[in-house]
Amino acid sequence: FDSMLSGSVPGMSRDFSELVKAIGESKSKQEEDRIITKEIVNLRAALQAKDIPGKRMKELVVRCIYVEMLGQDASFGHIHAVNMTQERGLLEKRTGYLSASLFLHPDHELLILLVNTIQRDLRSGNPFEVAVALSAVTRLISSETIPAVLPQITELLNHSNEAVRKKAVMALHRFNQVAPDCVEDLIEHFRKALCDRDPSVMAASLCVLYELAQKDPGHYKSLVSSFVSILKQITEHRLPRDYDYHRMPAPWIQIKLLKILAILGTADQKSSEEMYEVLGDVMKRADIGINIGYAVIFECVRTITSIYPDKKLLEAAADATSRFIKSENHNLRYIGIDALSAIVQVNPKYAAEHQMVVIDCLEDPDESLKRKTLDLLFKMTNPANVVVIVDKMTGFLESTSDVFLRRDLVSKITLLAERYAPDNAWFITTMNSVFKQGGDLVKADVMHNLLRLIAEGTGEDDEADEELRVYAVESYLQVLADEDTLPDVLLQTGVWVLGEYGYLVPSTPLESILEQLCDLLDRRFKDPQTRCWIVSSMTKLCAQLGAVPDSALEVAQKLSRSKDQDLQQLCYELLGFNRAPLMLTSVLPVDASCEDVEADPSLPFLDSYVQAALAQGARPYAPPAEGGDDIAPPALGGGGPVGQKLKFDAYAMPTQSTTMPGMESSSLADLGGGKGSSIYGLDNRESNTDAAPSQEPAAPVSTGFGDLGKGSAGARKWTADGYASTLTKKEEPRHSAYGMTSAFTNGSGSGTSSSMGGTSSFASGVGSAYASAAQETADSRAKAYGSSTSSFSSGSAAAKPAVSAAKQQMAASLFAGVSPSTTTAPAKPAASREPRPKPTPKPALGGLYATSTAASSRPAPAPAPA
């Protein structure tokens, strides 16, 4: 006490004590950083001293840990931590391993220095040194260094000290997480550790067996009897008292065993029957009125609902869940709702008994309890209560601001509406409400499913389908008129419906709808494609009118200068339709959204263009299968073979002669056949000027880039066919994301021209160090037909069904269709929506053991070539 008052702590120097005290008394982050910066300077100076005693070095390394804990860099002390692991003193060695585990990561460059030390300590006769090394292994060893220590750790499974055996199992568990292939042949060692005489070793083996059973339950079915026997011994207090927690024998070992039994008993009646007795016994013994007992009971409920069902155990689980839900403790009510969600999956009748409590949980101010209750409602939904449950979820979606919860609610509401919708009108209204509240979180396929429903209907009653479309048009007209700010997904859905079926509502003229769509274009949108949907719908309305009104023309002319190419194209199409109004009805027939667009993949309208290009000397298109290697460079002069491949063979050794084959003179300048010509026929003013003018030019040199032709003045130029047009590849038709492909083309095509120019510099190697430059240009012009595409969009209306405020009425609605004795089967979904596929049954479980052929370590690398 006197030493604490004086500011010093036993085992710590005064400097260290003052450092800890100063950090604790710092008033701001800036003051703390100043203290640590000063400490870093002191540590650098102290660690540079020679012959530092072990006790002093231990304190300096611990102070480096403080520095790194507070976010500063102490990498200068890492090597000293590695060196401390080699000390003979156990305290220094333990400090070294601890600091190295905190400083280094498995891929650190200093880790290679630790491997040899860890191997030596694993072979030590001192169990404390072995235990310290095993503790560091779980933090420092990577997949590359596992083979270096795996054999030694496997031998330690038979060590005489139980702490060493436990840590060895824990190290192998870590190896299984890092590199599962390295421990495939150690399954029998884990089975043996399960029967170890020490409970701590047995408990350590449960963790790795749990992960292995998750990956392949079939190989561990034979251990069910062993797990049941261990669980029974624990509940009978056969373990030492050291494992008790508040009079509960080894509760965490019980929970781990229950999780393993839940995995092994899933869809397996024989294995489940071995567990029934011990599960009932565990639930009875765990009911002692304390929190740890409730945790074991909750895990029992989850196990009972996971294995092959037993009526007696289900009743016991339901009784325990009832006590949880009726408790005033929010934590117990939370796990009660969670347990009830699991029981409902087996038999929904148990939820009807707690309907009033579920309603109270929905109105509870605890946010986490509300979320868990919503999960319960989602799992207990049926055709009789879907309207009320979806309404509660929609209200919760409107009130919450949590992005993750909103995304989950949007997904759940959409799934329930598609599966249990009482009628199509309710489905459209619900989807509109979801689009309005969580538009940014709605997936694209949800919107397209709604559009498909409106377009296709049920397919059973044409009049009912017509009424559905009329209802959709009226709904979206009201939504677009009443709301100034709407999500893009709702706007896209609405304008598509108005463009396709606006003519079905005689009370609203098409001109009025068109004006409304023109006004929408002045709004700001997050998705730039929304304007494309609107213009596409305007084009469809013009086709239904048989003419393009002035308001639509004005909008199209304004937006035709947009930077968005898709929007620009749609506006040009609308302007083109104005010049050719007779094409409107043929290109955009009424109610043709469900018709398939047939396109000829051979693109016959390009044949005339292809023939004209071939007549002008263009090279025919050769598919990759016929044209040889895709990476072969084309001949620069056009004279080389089309499918010429790269040359990978070594070049021949150069000879003494400098004369190239086919040359009569040793002067490279003579190749051009004229004065001042280089070997490539380019003007070379620095080349040999003494060559005789009458000398015959050499034969053209064949290069890997094509042949060179003669120029009129003795210079050689690239042949013209090297620039021949190759625009003969047919182009696949592009289908727009808006749903339709138009046969309309703007005029007879559009011409594009491009020029290709190049400047090449070549060095002449005879008596000159200067380079000559030349420039040659050629033009290539081609005309390409453009395919015009237009688009189609999508839609729905927003309305929320009213809900009674009385709790009794609400409960009756929520739990409608849930019989106390029978389970209501979900209704068959409408014909317009595909029913949700049933989960495929799991295949039959395989054998109990699997023979592993994987080696425990990597094979030795092949010797490097000399």
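So, how was this worked out
Residues numbered from 1 in each chain as written. Predicted model: local features only at pLDDT ≥ 70, side-chain atom pairs only at ≥ 80, totals over all residues. Heavy atoms only, no water. Helix = DSSP H or I, 4+ residues; strand = E, 2+ residues; numbered from the N terminus. Contact = heavy atoms within 4.5 Å. Areas by Shrake-Rupley, 256 points an atom, 1.4 Å probe, with all protein chains shown as cover. Phe/Tyr/Trp six-rings, centres within 6.5 Å; stacked < 30°, edge-to-face > 60°. Buried < 20%, exposed > 50% of the residue type's maximum accessible area, 1.4 Å probe, protein only. Core = buried A, V, L, I, M, F, W, Y, C linked by side-chain atoms within 4.5 Å. Axes fitted to C-alpha atoms, helices over the stretch in contact; angles between N-to-C directions. Parallel < 35°, antiparallel > 145°, perpendicular 65-115°, else oblique. Left-handed = near helix turned anticlockwise from the far one by under 90°. Patch = residues over 30% accessible without salt bridge, like charges linked within 9 Å, V, L, I, M, F, W, Y side chains within 5 Å. Salt bridge = Lys/Arg side-chain N within 4 Å of Asp/Glu carboxyl O. Lys, Arg positive; Asp, Glu negative; His and termini not counted. Charge placed at Lys NZ, Arg CZ, Asp CG, Glu CD. Expected span 1.5 Å × (residues − 1). Polar contact = N/O pair within 3.5 Å; in protein donor to acceptor, adjacent residues only side chain to side chain.

**Looking at the overall build of the protein chain**
A tally of helices and strands in the protein chain yields 35 helices and eight strands. Summarising the internal contacts of the protein chain: among those between residues at least 6 apart in sequence, 69% fall at separations of at least 24. Of the accessible surface of the protein chain, which amounts to about 46,700 Å², a share of 52% is contributed by carbon and sulfur atoms.

**Here we look at the packing of aromatic side chains**
If you walk through the whole model with that rule in mind, you get four aromatic pairs. Aromatic side chains Tyr-294 and Phe-324 sit 5.8 Å apart centroid to centroid with 85 degrees between the ring planes, which places their arrangement in the edge-to-face category. Highlighted residues: Tyr-294 in helix H16 (residues 291–306) and Phe-324 in helix H17 (residues 311–325), separated in sequence by 30 residues. Accessibility expressed as a relative area gives 3% for Phe-324, which makes it buried. Ring centres of Trp-496 and Tyr-501 lie 6.1 Å apart, and the angle between their planes is 75 degrees; this geometry places the pair in the edge-to-face category. For the pair Trp-496 and Tyr-501, a shared accessibility class is recorded, and that class is buried.

**Concerning the nonpolar core**
Counting residues in hydrophobic clusters, the biggest one holds 111 residues, and the most contacted among them are Leu-114, Leu-122, Leu-134, Ile-153, Phe-175 and Phe-227. If sequence neighbours within four positions are ignored, Ile-153 has contacts with Leu-122, Leu-134, Val-137, Ala-168, Ala-171, Leu-172 and Phe-175. Ranked by size, the runner-up nonpolar core spans 92 residues in total, among them Leu-491, Leu-510, Cys-518 and Leu-553.

**Notes on the side chain of Thr-321**
Residue placement: Thr-321 occurs in helix H17. The exposure class assigned to Thr-321 is buried, which follows from its relative accessible area of 1%. Ignoring anything within four residues of it in the chain, the contact list for Thr-321 reads Val-301, Gly-336, Ala-339, Leu-340 and Ile-343.

**Looking at the packing of helix H6 (residues 90–103) against helix H7 (residues 112–122)**
At a minimum axis separation of 13 Å, H6 and H7 run at an interaxial angle of 135 degrees. Between H6 and H7, the angle falls in the class oblique. Here H6 runs over H7; the crossing is left-handed. In this structure, H6 uses Lys-93, Tyr-97 and Ala-100 to contact H7, whose residues at the interface are Leu-114, Thr-117, Ile-118 and Asp-121.

**A few points about the side chain of His-173**
In this structure, His-173 sits in helix H10 (residues 162–178). Judged by relative accessible area, His-173 falls into the buried class, the value being 15%. Excluding residues within four positions of it along the chain, His-173 makes contact with Cys-207, Val-208 and Glu-211.

**Quick word on unusual backbone geometry**
Here the phi dihedral of Arg-247 falls at roughly 70 degrees; this positive angle occurs in a residue that is not glycine. Relative to the helices and strands, Arg-247 resides in the loop between strand E1 (244–245) and strand E2 (248–249). Look at Ala-267: it is not a glycine, yet its phi comes out positive at around 55 degrees. Mapped onto the elements, Ala-267 comes out in the loop between helix H14 (251–264) and helix H15 (269–286). Ala-267 sits in the exposed class, given a relative accessible area of 65%.

**Quick notes on the environment of Leu-362**
Mapped onto the elements of the fold, Leu-362 is located in helix H20 (residues 355–362). Note: C-alpha distance between Leu-362 and Leu-374 (12 residues apart in sequence) is 7.6 Å.

**With respect to the environment of Glu-483**
The topology assignment puts Glu-483 in the loop between helix H26 (462–482) and helix H27 (488–501). For Glu-483, a relative accessible area of 26% gives the class partly exposed. Each residue touching Glu-483, except ones within four places of it in the same chain, is listed here: Lys-436 and Arg-523.

**A closer look at a negative patch on the surface**
Side chains of Glu-460, Asp-461, Asp-462, Glu-463 and Glu-467 sit close together on the surface and give a patch of like negative charge. Residue position: Asp-462 is located in helix H26.

**Brief notes about the environment of Val-178**
Secondary-structure assignment places Val-178 in helix H10. For the pair formed by Val-178 and Ile-146, sequence separation is 32 residues and the distance between their alpha carbons is 9.2 Å. If near-sequence neighbours (up to four positions away) are discounted, Val-178 is found in contact with Ser-142, Ser-143 and Ile-146.

**Section: H26**
In an α-helix, one full turn covers 3.6 residues, which means residues spaced three or four apart are oriented alike. With 21 residues, H26 should cover 30 Å at 1.5 Å per step; its first-to-last C-alpha distance of 30 Å lies within 8% of that length. Where H26 is buried, its residues contact helix H24 (424–438), helix H25 (444–456), H27 and helix H28 (510–520). A distance of 3.1 Å separates the backbone nitrogen of Glu-463 from a side-chain oxygen at the start of H26, and that oxygen is part of Asp-461.

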